[in-house]
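Now for the letters of each chain:
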Amino acid sequence: MKRLNELFDIDNDMKIYSIHSDSRYVKPYSIFFCIEGLSVDGHRYIDDAIFQGAKVIVHSNELNRVSNVFYDYPSKKMRIVGVTGTSGKTVVASMVKSVMDHYCKAAYMGTISLEYDGVKEECPYTTPETIFLQRHLNDMIKKD
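Residues numbered from 1 in each chain as written. Predicted model: local features only at pLDDT ≥ 70, side-chain atom pairs only at ≥ 80, totals over all residues. Heavy atoms only, no water.

(A) Molecular detail of the overall build of the protein. Helix and strand content of the protein: five helices and eight strands. Counted from the first residue to the last, the protein has its helices and strands arranged as β-α-β-β-β-α-β-α-α-β-β-β-α. The burial tally for the protein puts 34% of its 144 residues in the buried class. For the protein, the computed accessible surface area is about 9400 Å², with 51% contributed by carbon and sulfur atoms. When the 18 basic and 19 acidic side-chain charges of the protein are each reduced to a single mean position, those positions are 5 Å apart. (Helix = DSSP H or I, 4+ residues; strand = E, 2+ residues; numbered from the N terminus. Buried < 20%, exposed > 50% of the residue type's maximum accessible area, 1.4 Å probe, protein only. Areas by Shrake-Rupley, 256 points an atom, 1.4 Å probe, with all protein chains shown as cover. Lys, Arg positive; Asp, Glu negative; His and termini not counted. Charge placed at Lys NZ, Arg CZ, Asp CG, Glu CD.)

(B) Molecular detail of the sheet that holds strand S6 (residues 107–109). Pairing is antiparallel across the open sheet formed by three strands, whose spatial order is S6-S7-S8. Both outer strands of the open sheet, S6 and strand S8 (119–122), are each paired with one neighbouring strand and no more. Between one strand axis and the next, the sheet turns through 10 degrees on average, direction left out of account. Pairing of strand S7 (residues 113–116) with S8, which is carried by four bridges, proceeds in the antiparallel orientation. Bridge pairing links Tyr116 to Val119 in S8. (Pairing = 2+ DSSP bridges. Axes fitted to C-alpha atoms, helices over the stretch in contact; angles between N-to-C directions.)

(C) Region of the structure containing the layout of surface pockets. In this structure, the largest pocket encloses a volume near 1100 Å³. Forming the walls of the largest pocket are 32 residues, and the residues nearest its centre are Ile80, Val81, Ala107, Tyr108 and Met109. For the lining of the largest pocket, the secondary structure elements donating two or more residues are helix H4 (89–100), S6 and helix H5 (130–143). Examining the composition of the lining of the largest pocket, we find that six residues originate from one element, H4, more than from any other. Classifying every residue of the lining of the largest pocket gives 18 nonpolar, six polar and eight charged. (1 Å grid on protein atoms, 1.4 Å probe; cavity = no way out; pocket = protein on both sides within 12 Å on 5 of 7 lines; lining within 4 Å. Points joined across faces, edges and corners; volume = space filled by probe spheres on them. Nonpolar A, V, L, I, M, F, W, Y, C, P; charged D, E, K, R; others polar.)

(D) Summary view of the pattern of salt bridges. Inspection of every chain in the model, using the stated rule, returns five salt bridges. A salt bridge links Asp117 to Lys105, with the nearest nitrogen and oxygen atoms 3.6 Å apart. Residue Asp117 is located in the loop between S7 and S8, and its partner Lys105 is located in the loop between H4 and S6; the two are separated by twelve residues in the primary sequence. For Asp117, a relative accessible area of 40% gives the class partly exposed. Note that Glu115 and Lys120 form a salt bridge whose closest N and O atoms lie 3.9 Å from each other. Among the residues examined, Lys120 registers a relative accessible area of 63% and is labelled exposed. (Salt bridge = Lys/Arg side-chain N within 4 Å of Asp/Glu carboxyl O.)

(E) Representation of the nonpolar core within the structure. One finds Leu7, Phe8, Ile16, Ile19, Ile31 and Phe33 to be the most contacted residues of the largest nonpolar core, which totals 14 residues. At the level of secondary structure, the elements contributing two or more residues to this core comprise helix H1 (4–7), strand S4 (30–34), strand S5 (54–59) and helix H3 (63–70). If one sorts the elements of this core by residue count, H3 sits on top with three residues. Other than its neighbours up to four places away in sequence, Leu7 contacts Lys2, Ile31, Arg65, Val66, Val69 and Phe70. One finds Leu114, Tyr116, Phe132 and Leu137 within the second-largest nonpolar core, a separate group that totals six residues. (Core = buried A, V, L, I, M, F, W, Y, C linked by side-chain atoms within 4.5 Å. Contact = heavy atoms within 4.5 Å.)

Take it as geometry only, folks, not as evidence of what the structure does.
And the structure:
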């Protein structure tokens, strides 16, 4: 939970319990970010988000900063290794995690799954969107 004035430079101290970019997951006292994707524009779902209980609607231009602040900058509390390339990323990232598990706590987030500290779940994104990424990095920190 954060207060609105911790996320934005305003005087309102309303409690915010969650942030979302998918209106289907919005809960009361949450922030809904409208993201303009290639095939779907989140602005079409503003009414749905309000119906679900969103108290704040934000255009996607501020998404990166706010999600990072909401989850207390989780990437600053860990070492992150990225694997890029045309093919073989999943295999290489899995191998890196496997080796790192022998020396420290390690996690994997990729096309197939999200794995850390005994948690294994399907990853719904080929490239995780910002809120999903920050939320799960924060979950990893809390498990530590």
